[in-house]
Amino acid sequence: MTKDEIILANKEHLFPAVFHYFDEPLVIDHAKDQYVWDADGNQYLDFFGGIVTISVGHLNEQVKAKVHEQIDKLWHVSTVFANEPQAALAKKLAAITPNGALTKSFFTNSGTEANETAIVAARCYTGHTEVIALRHAYHGRSAMAMTLTAQANWRLGQAPQPGIVHAHNAYCYRCPFGLTYPRCEVQCAKDVDELIRTTTSGRVAAFIAEPIQGVGGFITPPKEYFKIVQDIVSQYGGIFISDEVQTAWGRTGEKWFGIEQWGVQPDIITSAKGLGNGLPIGLTIARPEVADSMKGATISTFGGNPISTTAAKAVIDFIEENNLRKNTAEVGDYMRGCLLDLKEKHQIVGDVRGMGLLQAIELVEDRRTKKPATQATSELMALMKDRRVLMGKGGLMGNCIRMSPPMNISKTDVDAMIGQLDESLSVVGERLSHGVTQTVSR
Ligand SMILES: Cc1ncc(COP(=O)(O)O)c(C=O)c1O
């Protein structure tokens, strides 16, 4: 198919809800390592990694070789038969979870399904049903996951499910209490106690949260936040589910899981995305008592399929063998330093936040009022695309640029991205100061 035929077929035969970035959708033809190529043969530096999913580079040779081998051997048996790739992955995962405490896995195909499974497990274990999630969260696209999600844009056409309430998140740049850290004494975390006493029955099944809120725009809490909330939730009988769909596998630097940065022990971790480096996989891994409380049988036809689990094991091995968690910390720190320099230079950059190779900038029209520069963010994305760098967008107001390149990139790649970002910020900043905006959608 030609590029135009692909775009037309998408338009005519996909749900329009399958939205694409940019006015003219970018048709990606192939990819390798940190690069993708469009249908016209243009090469792009991929700083979004397929929405925080390409952890070890597109078509990583080591992962590819293992997957090829498996394709010639066994594709599918379903969960009613045992197979080696699933068993080997489950065993490896049990060895790397925080303090070795989460040892039993349930595999599915996506982050949404992983979170569905986690909530079922928490309800079975505690005998309670009510769940606390966070404002600005994103947890997936099933009916339940959309209710856990707290961004109106991502909650389509359904009445919310009962039994889910949302606490304030630790959004320090726009503090819901109008306070400043550390003088605030992390009021947002302490408020969870009142939330439970006023909006639930006081019997909590779980608190589910992302260690750093991904779709929300890499909102990063103060270091005390999770400990305070976990202590409160556990007083009401609830367990803690860490949604690590974006933050796991070393993405935040040094640690395997984002929650380890906050020194808190979760009862369940969910993940997906970077675990398969592009092959579909969802993971719910739990403390044995929690997993064992799910009595009866449950099935996921494709969950734990030999190809995805082979890829996932190969991804983890690659991260370990190549010390990518260290590289992520080092290159991530370097990138953060460069972004902070850009903040000094460009008034439009209101905030820089994130950890490791999960870094965002929040764009504002005015630093004092913090009015979100939503349109300028779309313009910036388009300018960067024209300069052959792909970035992600996020935030409730669509005014955050998200950067999550493969974890094996180098400082040279960061320099290449920063050079283009610097020039593009000058262009949008200049337009903004003259009240000129381009019409760019999404
Ligand atoms: C934190 C988080 N949880 C869950 C999901 C849902 O994952 P999936 O799209 O694989 O269903 C996402 C997807 O972006 C996510 O970022």
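Residues numbered from 1 in each chain as written. Predicted model: local features only at pLDDT ≥ 70, side-chain atom pairs only at ≥ 80, totals over all residues. Heavy atoms only, no water.

Structural notes on the domain arrangement of the protein
If you check the domain split of the protein, you get domain 1 (3-56 + 323-433) and domain 2 (62-321). With centres defined by C-alpha atoms, the gap from domain 1 to domain 2 works out at 25 Å. If you look at the interface, domain 1 gives 39 residues, while domain 2 gives 38 residues. In total, about 3200 Å² of surface goes out of reach between domain 1 and domain 2, with carbon and sulfur atoms giving 58% of it. Taken as a group, Arg325, Met355 and Leu396 account for 23% of the area that domain 1 buries against domain 2, more than any other trio of residues on that side. Summed over the shared surface of domain 1 and domain 2, the result is one salt bridge. As a salt-bridge pair, arginine 174 and glutamate 362 come within 2.7 Å of each other at their nearest N and O atoms. The interface formed by domain 1 and domain 2 includes 21 residue pairs in polar contact (both at pLDDT 80 or more). By residue class, the composition of the side of domain 1 that touches domain 2 is 19 nonpolar, 13 polar and seven charged. (Domains from an automatic or database assignment. Contact = heavy atoms within 4.5 Å. Buried area = accessible area lost by both parts, 1.4 Å probe. Salt bridge = Lys/Arg side-chain N within 4 Å of Asp/Glu carboxyl O. Polar contact = N/O pair within 3.5 Å; in protein donor to acceptor, adjacent residues only side chain to side chain. Nonpolar A, V, L, I, M, F, W, Y, C, P; charged D, E, K, R; others polar.)

Quick notes on the pairing of strand E11 (residues 349-355)
Counting buried residues along E11, seven of its seven residues qualify, which places the element largely inside the surrounding structure. Bridging between E11 and strand E12 (residues 358-363) involves six bridges; their strand directions are antiparallel. Bridge pairing in E12 places valine 352 opposite isoleucine 361. The hairpin formed by E11 and E12 contains two residues between the paired strands, and glycine 356 there has a positive phi angle of roughly 60°. (Buried < 20%, exposed > 50% of the residue type's maximum accessible area, 1.4 Å probe, protein only. Helix = DSSP H or I, 4+ residues; strand = E, 2+ residues; numbered from the N terminus. Pairing = 2+ DSSP bridges.)

Here's the deal with unusual backbone geometry
For residues other than glycine, phi is negative in most cases, and the peptide bonds are mostly trans. That bond from tyrosine 181 to proline 182 is cis: its omega, 5°, falls within 30 degrees of zero. Inspection of the secondary structure assignment puts proline 182 in the loop between strand E6 (164-167) and helix H7 (187-199). The residue glutamate 185 is not glycine, and still its phi comes out positive at about 55°. The backbone of asparagine 277 shows a phi angle near 50°, a positive value even though the residue is not glycine. With respect to the helices and strands, asparagine 277 occurs in the loop between strand E9 (268-271) and strand E10 (282-286).

As for the sheet that holds strand E3 (residues 43-46)
If you walk across this open sheet you meet the four strands as E1-E2-E3-E13, and the pairing is mixed. Two strands close off the open sheet at either side, each with one partner strand: strand E1 (28-32) and strand E13 (389-390). By the bridge criterion, three bridges tie strand E2 (residues 35-38) to E3 in an arrangement that is antiparallel. Looking across to E3, one finds that valine 36 is bridged to tyrosine 44.

Some points on the sheet that holds strand E8 (residues 239-243)
Sheet architecture is open: seven strands sit in the order E4-E10-E9-E8-E7-E5-E6, paired in mixed fashion. The open sheet has two edge strands, strand E4 (104-108) and E6, and neither has a second partner. For this sheet the average axis-to-axis angle between neighbouring strands, irrespective of direction, equals 20°. Relative to E9, E8 runs parallel, the two being bridged by three bridges. From the neighbouring strand, serine 242 faces E9, where its bridge partner is isoleucine 269. Contacting E4 and E10, helix H4 (residues 84-96) runs over the sheet at an angle of about 130° to E4. Relative to E6, H7 is tilted by about 150°, and along the sheet it contacts strand E5 (130-134), E6 and strand E7 (204-209). (Axes fitted to C-alpha atoms, helices over the stretch in contact; angles between N-to-C directions.)

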